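Residue strings, one per chain:
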Amino acid sequence: MNLINNNEYKRPKVAVVLAVYNGAEWLAEQLLSILNQKFIDVTIFISIDPSLDNSEAICREFTLQYQNIKLLPNIGKFGGAAKNFFRLIRDVDLTSFDYFSFADQDDIWLEKKLINAVNKIIETKCDGYSSNIMAFWSTGNRRLIVKSQPQREWDYLFEAAGPGCTYVLTIKLALEIKKNIEFNWLEVNQLDLHDWYCYAFARANGFHWFIDPSPSMLYRQHQNNQVGVNKGVKAFFYRLNKIINGWGFEQSRSIAKLIGKDNSVFVQSWRELKPRGFLMLAFNAHKCRRKSTERAFFFCACVLMSIIGFCKQ
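Residues numbered from 1 in each chain as written. Predicted model: local features only at pLDDT ≥ 70, side-chain atom pairs only at ≥ 80, totals over all residues. Heavy atoms only, no water.

### Here we look at the packing of helix H7 (residues 194-204) against helix H9 (residues 247-258)
Thought 1: Running from amino to carboxyl end, H7 crosses H9 at an angle of 40°, the nearest separation of the two axes being 11 Å. Looking at the two axes, H7 sits oblique to H9. With respect to the hand of their crossing, H7 and H9 are arranged in right-handed fashion. Note on element contacts: H9 touches H7 through Trp-247, Gly-248, Gln-251, Ser-252 and Ile-255, opposite Trp-196, Tyr-197 and Ala-200. (Axes fitted to C-alpha atoms, helices over the stretch in contact; angles between N-to-C directions. Helix = DSSP H or I, 4+ residues; strand = E, 2+ residues; numbered from the N terminus. Parallel < 35°, antiparallel > 145°, perpendicular 65-115°, else oblique. Left-handed = near helix turned anticlockwise from the far one by under 90°. Contact = heavy atoms within 4.5 Å.)

### Some remarks on the packing of aromatic side chains
Thought 1: Enumeration according to the criterion identifies 19 aromatic pairs in this entry.
Thought 2: Judged by centre distance (5.8 Å) and plane angle (85°), the ring pair of Phe-45 and Phe-97 falls under edge-to-face. One end of the pair, Phe-45, is in strand S2 (residues 41-48); the other, Phe-97, is in the loop between helix H3 (81-91) and strand S4 (99-103), with 52 residues separating them in the sequence. For the pair Phe-45 and Phe-97, one class covers both residues: buried.
Thought 3: When the ring of Phe-249 is compared with that of Phe-278, the centres are 4.9 Å apart and the planes differ by 70°; the resulting orientation is edge-to-face. Taken together, the residues Phe-249 in helix H9 and Phe-278 in helix H11 (residues 275-283) connect sequence positions 29 residues apart.
Thought 4: Judged by relative accessible area, Phe-278 falls into the buried class, the value being 4%.
Thought 5: Among the aromatic side chains, those forming a connected cluster through ring pairs are Trp-154, Tyr-156, Phe-158, Phe-249, Phe-266, Trp-270, Phe-278 and Phe-298.
Thought 6: Residue placement shows Lys-13 over the ring face of Phe-97; its charged tip is 5.7 Å from the ring centre.
Thought 7: Residue placement shows Arg-90 over the ring face of Trp-185; its charged tip is 4.1 Å from the ring centre. (Phe/Tyr/Trp six-rings, centres within 6.5 Å; stacked < 30°, edge-to-face > 60°. Buried < 20%, exposed > 50% of the residue type's maximum accessible area, 1.4 Å probe, protein only. Lys NZ or Arg CZ within 6 Å of the ring centre and 35° of its normal.)

### Description of the pattern of salt bridges
Thought 1: In the structure shown here, the tally under the stated rule is 16 salt bridges.
Thought 2: For Glu-29, the salt bridge identified is with Arg-220, shortest N-O distance 3.0 Å. With Glu-29 in helix H1 (residues 24-35) and Arg-220 in strand S11 (residues 217-220), the pair connects residues that are 191 residues apart, well separated along the chain.
Thought 3: Residues joined by salt bridges that share partners form a network here, namely Asp-155, Glu-159, Arg-203, Arg-289, Arg-290 and Glu-294. (Salt bridge = Lys/Arg side-chain N within 4 Å of Asp/Glu carboxyl O.)

### What to know about the packing of helix H5 (residues 171-183) against H7
Thought 1: For the pair H5 and H7, interaxial distance at closest approach is 10 Å and the crossing angle is 110°. With respect to their mutual orientation, H5 and H7 come out roughly perpendicular. Where H5 abuts H7, its residues Leu-173, Glu-176, Ile-177, Asn-180 and Ile-181 lie against Tyr-197, Cys-198, Phe-201 and Ala-202.
Thought 2: Tallied by class, the residues present in the contact of H5 with H7 amount to seven nonpolar, one polar and one charged. (Nonpolar A, V, L, I, M, F, W, Y, C, P; charged D, E, K, R; others polar.)

Keep in mind these numbers describe shape, not what the thing actually does.
Below you can see the structure in the form of structure tokens.
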């Protein structure tokens, strides 16, 4: 298939799903950056978690101005972005689209974000795409956040492929994810991170994933970020607490079950989350995270969990 770079080719149709909650401050800027995508036929589907600001009014105003923005009916409180995104995947009819993409409410997309992703999907023959990001702050500071380290055998059970807002999926992969979500609706909604789950599903079910070293968007950092760039001392202790209280490993175990890897020899070796299982994970840390420093952190965390477990026995 030819790469797409001008109007000589039929524009790919991309469904972009946007979960909104108290996003009024930056929502309009983000919507315009999606609408301004080059060489793409884009349709934006919005689901609003009932908000305290005028997010809904902004979205409704945009739907009146642009026919390619659709606002889904209000179905009550979600209490988290993941549940809202799972609702979008379940309720949006994707059959007329070529590609599928997530969007957060507070970022700024580079104008060729989607077409560059589509071209990489064609070039690498992958079904899932994500990329590095350029984090930015209100102070004007910017920092490249690298997520494109080589993928590891089991990394998908322990981390996402970068922020979900960089994801672009072929419709084939998106529809398979949709079927899995519909079949496991109650269990899926116990997960806290939709992007981690989607990456894991793709990798576990034979879909090829490409992580682009080129940043595709400006990733806004502010005090209300549900998930930020994981930098600094505060982020370190936040993640350490998540490990000690078992959240991350519980999520890994749940994801493994949902994507059909629950009975693999590797998962069976640690899924009970007992001290020996954590030691097994520690010895396999090189297979579980992409970044070298993250592998070291993962090793130490598993050893710590094993020690804590043995002390409780």
